[in-house]
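Examining the three-dimensional arrangement
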Amino acid sequence: MKKIILPVDFSDSSNKLVDYAVSFAKDVNAEIALIHVAASDIGFVIGDMGFQYFPEVEENEIKYELKELNRLEQQVISQGVNCTHILKQGIAGDTILEFADEKNADYIVVGSHGRSGVYDVFIGSLTKEITKKSKIPVLVVPCHDEE
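Residues numbered from 1 in each chain as written. Predicted model: local features only at pLDDT ≥ 70, side-chain atom pairs only at ≥ 80, totals over all residues. Heavy atoms only, no water.

1. Details of the overall build of the chain
Helix and strand counts for the chain stand at five helices and seven strands. Reading the helices (α) and strands (β) of the chain from amino to carboxyl end gives β-α-β-β-β-α-β-α-β-α-α-β. Carbon and sulfur atoms provide 51% of the accessible area of the chain, an area that totals close to 8,900 Å². (Helix = DSSP H or I, 4+ residues; strand = E, 2+ residues; numbered from the N terminus. Areas by Shrake-Rupley, 256 points an atom, 1.4 Å probe, with all protein chains shown as cover.)

2. As for the nonpolar core
Counting 23 residues, the largest nonpolar core has Ile-4, Leu-6, Val-8, Ile-32, Leu-34, Val-76 and Val-109 as its most contacted members. Only β1 (2–7), α1 (14–28), β2 (30–38), α2 (55–77), β6 (107–112) and β7 (138–142) provide two or more residues apiece to this core. In terms of residue count, the dominant contributor to this core is α1 (six residues). Excluding its chain neighbours within four sequence positions, the residues that come into contact with Leu-34 are Leu-6, Val-8, Leu-69, Leu-72, Glu-73, Cys-83, Thr-84, His-85 and Ile-86. If you look at the next biggest cluster of nonpolar residues, it comprises twelve residues, including Ile-35, Ile-96, Ile-108 and Ile-130. (Core = buried A, V, L, I, M, F, W, Y, C linked by side-chain atoms within 4.5 Å. Buried < 20%, exposed > 50% of the residue type's maximum accessible area, 1.4 Å probe, protein only. Contact = heavy atoms within 4.5 Å.)

3. Quick look at the packing of aromatic side chains
According to the stated counting rule, one finds three aromatic pairs in the structure shown. Consider the rings of Phe-10 and Tyr-64, whose centres lie 6.1 Å apart with planes at 80°: the pair is edge-to-face. With Phe-10 in the loop between β1 and α1 and Tyr-64 in helix α2, the pair connects residues that are 54 residues apart, well separated along the chain. Relative accessible area serves as the criterion here: at 39%, Tyr-64 is assigned to the partly exposed category. By way of ring pairs, the aromatic residues Tyr-20, Phe-24 and Tyr-107 are connected into one cluster. (Phe/Tyr/Trp six-rings, centres within 6.5 Å; stacked < 30°, edge-to-face > 60°.)

4. Quick look at the packing of helix α3 (residues 92–102) against helix α5 (residues 126–133)
It is at 9 Å that the axes of α3 and α5 come closest, and there the two elements cross at 40°. When the interaxial angle is binned, α3 and α5 end up oblique. Where α3 crosses over α5, the two elements pack in a sense that is right-handed. The segment α3 lies against α5, with Ala-92, Gly-93, Asp-94, Ile-96 and Leu-97 engaging Leu-126, Glu-129, Ile-130 and Lys-133. By residue class, the composition of the contact of α3 with α5 is five nonpolar, one polar and three charged. (Axes fitted to C-alpha atoms, helices over the stretch in contact; angles between N-to-C directions. Parallel < 35°, antiparallel > 145°, perpendicular 65-115°, else oblique. Left-handed = near helix turned anticlockwise from the far one by under 90°. Nonpolar A, V, L, I, M, F, W, Y, C, P; charged D, E, K, R; others polar.)

5. What about the confidence of the model for the chain?
The predicted model of the chain has a mean per-residue pLDDT of 85, with 78% of residues at 70 or higher. Here helix α4 (residues 118–122) is the element of the chain with the lowest mean pLDDT, 42, and β1 is the one with the highest, 98. (pLDDT = per-residue confidence, 0-100.)

Below is the structure:
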């Protein structure tokens, strides 16, 4: 059975991306591995006293992210596709590509939010990074709202 890596960020477009990945998984007889990459600095705040760490902030964020991963996993399974999930911390692009390699994945399915230009210069594009560095096919799903 083939394996699809599906990075999710819990944005409004995540459901659209999951639905596309499920349809694709059925077409190619694949299972889906959801991955969410949490920021490494969850719980750190800069204030008047410099950097401060609040473990309860990190704990609450991780709980929320795991709950969302579970919800999306059940959404996939309910449509008849095997699914697992994992939450990792790190640099998103590198972490996703390393996970795809660990899982010996056949595809990565990512969403494109339709941002470009100045946004890419200052923020960068995770989708662009993954498509440039990936050793396996990357399917890019347009997830931005149509105007």
